[in-house]
Amino acid sequence: MSKENCTAVTEFVLLGLTDVPELRVFLFMMFLLIYGVTVWGNLGMMALIQVSSRLHTPMYFFLSHLSFVDFCYSTIIMPKMLANTLNEDNAISFLGCMVQFYLFCTCVVTEVFLLAVMAYDRFVAICNPLLYMVTMSRNLCVELVSCCYLGGTVCSLIHLCLALEIPSYRSNVINHFFCDLPPLLSLACSDVTMNELLLFIVASFNEFTTIVIILTSYLFILITILRMRSAEGRRKAFSTCASHLTAIVVFHGTILFTYCQPSSGNSTDTEKVVTLFYTVVIPMLNPLIYSLRNKDVKEALRKVVSSKIMVEMGEVNCTSVTEFILVGLTDVPELRVFLSMMFLLIYGVTVWGNLGMMALIQVSSRLHTPMYFFLSHLSFVDFCYSTIIVPKMLANILNKDKAISFLGCMVQFYLFCAYAVTEVFLLAVMAYDRFVAICNPLLYMVTMSQKLCVELVSCCYLGGTVCSLIHLCLVLEIPSYRSNVINHFFCDLPPLLSLACSDVTMNELLLFIVASFTEFTTIVIILTSYLFILITILRMRSAEGRRKAFSTCASHLTAIVVFHGTILFTYFQPNSGKSGDIDKVATVFYTVVIPMLNPLIYSLRNKDVKEALRKVVSSKIIS
C-alpha cells in the first residue's frame, strides 16, 4: 500500500451497527430499554447486597463486583452508541477512543477472571460446605477480587501501549459501534504483527487459564452432585449450575470467536453482532441469571420492600431527640491528655499549612497558574472540613459533657459531607490538570483558561452541595431514634442511620449509589489521566524530567490512595462486617491527618512554592 493516504488522526468515525436510516429509531429505543434494564438491574443488585445482611456472603460479594463490572463496561459503550444511532456526526476523538478501548478492555478481562473466581467459589460451597466460610474468608475474597481487577488493568495496559505506538492510519473510519482493538489494527499503516500476536497470546492465555479453572471446578461439582442422595438437592444444584454455565458459555464463546481467531477469518458484520452479546445483552442478563432467580435474593428484596410496614412493630424505646451524645475516639481517661495534645498539634499544622498556602498563592504572582488555583481551593476545603470536626472533637476529649444539639449535629454532618465530596471532585480535577500540563505543555495555559478553571471548581462545590443536601433531607425525615448515643467522634451518616427506629433503606441505598457514582467517575478520571501521564513520562528522553514528573505523580497518587482508600473502606463494606472502632480510626485519616498532609504533599515539597516563600520572606527583610 502506498503511504500517501496514511496520516496521523485526531479523531475517528464510528460507523455503528447499521447505515439503514429506517432502523435508527427502532434500534435506539431497543438499546435504550436494554441499557435501562442493565443499569437498574446491576445497580439495584449492588445496593440490595449492600443493605441486606442476608446477602453478606462470599458468593454475593463476588456477585456485587460482577454487577459493578457489568454496569461499567456497558456504560462505557452504550451512551456513545445510543448517541451515534440518532446523530449524523459519529466522530470520537483519538483520546476518547483510546480511553474507551482501555476502560472496556479492563472491565471485560476483569469479568473473565471474576467468572472463574465465582466458579471456584461454587466449587468450595458445594464440595466443602462445612469449610466454606473458613476457606472463603474475607481476606481471601478481597485478594481474589483485587487480582481480577489487577489482571484486567495489566492486560489492557499492554494493548493500549502498543496501540498508542501506531503512528498513522490509512483511514479514520472504524467499521464498528465502539473503539475495539481488531478494527483499529485493521486501519493501521505500520506493521501491527506484534499487536495481533500479543492480542492472540494474552486472550488465549486468559481464556485457557480461566476455562481450566471453570471446567475443573464444575467437574468436581458434578461429581459431588451425582453423589447426593436427595433428588431435590440434585435438582436445585443442577439448576444453579446450568444458569451459571449458560452465562459462561455465551460470554466466553463470544470472546473466543472475536479475539482468538486469525483476523483474516473475521467478518466485520458478524463480529459486530457477536460483540453485541457481551457488551449489551450479557450485562442485562447477568442480574437475572445469577440473582433474580435466586431464593435468597428474592427473600432479601421482599424484606426490603416490606420493612416499612414491619418497622412500626416494637418501637417502645423510640423517641424524638433534641441532642446527641458523641462517644468520641476512646473512653480511657489516661489517653485524654495525650490525644488532645496530639490532635491540637495536628490541627495547628493543618490551619497554618492550609491558610498559609492560600495566602502564599494569593500574594505570589509566580503561583498564579491553574495548578495553584486548584491547590488554593483544595487548601480551603481541607481547612474547612477539618475545622468542622476537630474543635468539637478536642472539646469532647477533655470535657465530660459530650452533647451536641440535634441542629448542631445536622449542620456538622451537612458541612462535612459537602466539603468531603467537594474534595473528591477536586482531586479528580487536579489529576486532569496534571494530564494537560504534562501531555500538552504547549497548550496548557490555553486549555486550562481562567474561565474553565472557575467552572471546574464551581462544579466541584456544586456537586458537594447537592450530594450533602440529598442525604440531609432524608436524614431530617427520620422521626425517632432508639438511642441518642452516637459511637463516633462526629455526626457521620452511617452511625446516625444505625440508631434510627424507622426504615432507612432509602438512605442506605442512596448513600451507596451516590458514593458509588462519585467514586467511580472520579477514579476513572484520575486513572485515565495518570495512565496518559505515565505513557508521556516513559517517552521523555530527559532522565531528570522523568524523575521530577514521577516524583510529583507519586506524591499526588499517595494522597489520592489514602483519601479514596479510607472513603471506600468506611462507606463501601457491608454493615455487618463493620467495626465501629476500626471505622473511627479510618475516618481520622481523611478528617484530621490528610488535611494536615496535603499542604506538604502538594506544595511544600514543590520548588515553585519554596521559591515563592523565600521571596516573600526576603522582601520583608529588604523592606
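Just so we're clear, the structure is a prediction, and the values are computed from it rather than from any experiment.

A.B. asks: A description of the sheet that holds strand β1 (residues 11–14) should follow, citing residues and the corresponding values.
C.D. replies: If you walk across this open sheet you meet the three strands as β2-β1-β3, and the pairing is mixed. Strands at the two margins of the open sheet, each flanked by one partner only, are β2 (91–93) and β3 (173–174). Across three bridges, the pairing between β1 and β2 is antiparallel. If you follow Phe-12 over to β2, its bridge partner there is Ile-92. Contacts from helix α3 (residues 94–127) reach β1, β2 and β3 within the one sheet, and its direction differs from that of β2 by about 85 degrees.

A.B. asks: If you had to explain the side chain of Gln-412 to someone new, which residues and values would you point to?
C.D. replies: Mapping Gln-412 onto the fold places it in helix α13 (residues 406–439). A distance of 2.9 Å separates the side chain of Gln-412 from the backbone nitrogen of Cys-491, its partner in a polar contact. Excluding its chain neighbours within four sequence positions, the residues that come into contact with Gln-412 are Ile-388, Ile-389, Lys-392, Ile-404, Phe-490 and Cys-491.

A.B. asks: Report on the packing of α3 against helix α17 (residues 505–539), specifying residues and quantitative values.
C.D. replies: Axis separation between α3 and α17 bottoms out at 11 Å; the angle between their running directions is 110 degrees. Judged on the interaxial angle alone, α17 and α3 are roughly perpendicular. Crossing of α3 over α17 shows right-handed handedness. Two secondary-structure elements touch here, α3 through Leu-95, Met-98, Val-99, Tyr-102 and Leu-103 and α17 through Val-524, Thr-528, Leu-531 and Phe-532.

A.B. asks: Before we move on, can you summarise the sheet that holds strand β4 (residues 323–326) with the specific residues and values?
C.D. replies: Taken in spatial order, the three strands make up an open sheet running β5-β4-β6, and their pairing is mixed. Looking at which strands have only one partner, the edges of the open sheet turn out to be β5 (403–405) and β6 (485–486). Sheet analysis places β4 next to β5, joined by three bridges and oriented antiparallel. For Ile-325, the partnering residue across the bridge sits in β5 and is Ala-403. Running at roughly 85 degrees to β5, α13 makes contact with β4, β5 and β6 of the sheet.

A.B. asks: Describe the packing of aromatic side chains, with residues and values.
C.D. replies: Enumeration according to the criterion identifies 19 aromatic pairs in this entry. For the pair Tyr-385 and Phe-416, a centre-to-centre distance of 6.2 Å together with 80 degrees between the ring planes defines the contact as edge-to-face. Note that Tyr-385 is positioned in helix α12 (residues 370–398) and Phe-416 in helix α13, a separation of 31 residues in sequence. Across this residue pair, the class does not change: Tyr-385 and Phe-416 are buried. Members of the aromatic cluster, each reached through a chain of ring pairs, are Tyr-73, Phe-104, Phe-177 and Phe-178.

A.B. asks: Let's hear about the nonpolar core: which residues, and what values?
C.D. replies: Counting 181 residues, the largest nonpolar core has Phe-31, Tyr-73, Phe-251, Phe-324 and Phe-343 as the members making the most contacts within it. No other element matches α3, which puts 23 residues into this core. Excluding residues within four positions of it along the chain, Phe-324 makes contact with Lys-402, Ala-403, Ile-404, Phe-406, Cys-409, Met-410, Tyr-481, Asn-484, Ile-486 and Leu-496.

Procedures and definitions
Residues numbered from 1 in each chain as written. Predicted model: local features only at pLDDT ≥ 70, side-chain atom pairs only at ≥ 80, totals over all residues. Heavy atoms only, no water. Pairing = 2+ DSSP bridges. Helix = DSSP H or I, 4+ residues; strand = E, 2+ residues; numbered from the N terminus. Contact = heavy atoms within 4.5 Å. Axes fitted to C-alpha atoms, helices over the stretch in contact; angles between N-to-C directions. Polar contact = N/O pair within 3.5 Å; in protein donor to acceptor, adjacent residues only side chain to side chain. Parallel < 35°, antiparallel > 145°, perpendicular 65-115°, else oblique. Left-handed = near helix turned anticlockwise from the far one by under 90°. Phe/Tyr/Trp six-rings, centres within 6.5 Å; stacked < 30°, edge-to-face > 60°. Buried < 20%, exposed > 50% of the residue type's maximum accessible area, 1.4 Å probe, protein only. Core = buried A, V, L, I, M, F, W, Y, C linked by side-chain atoms within 4.5 Å.

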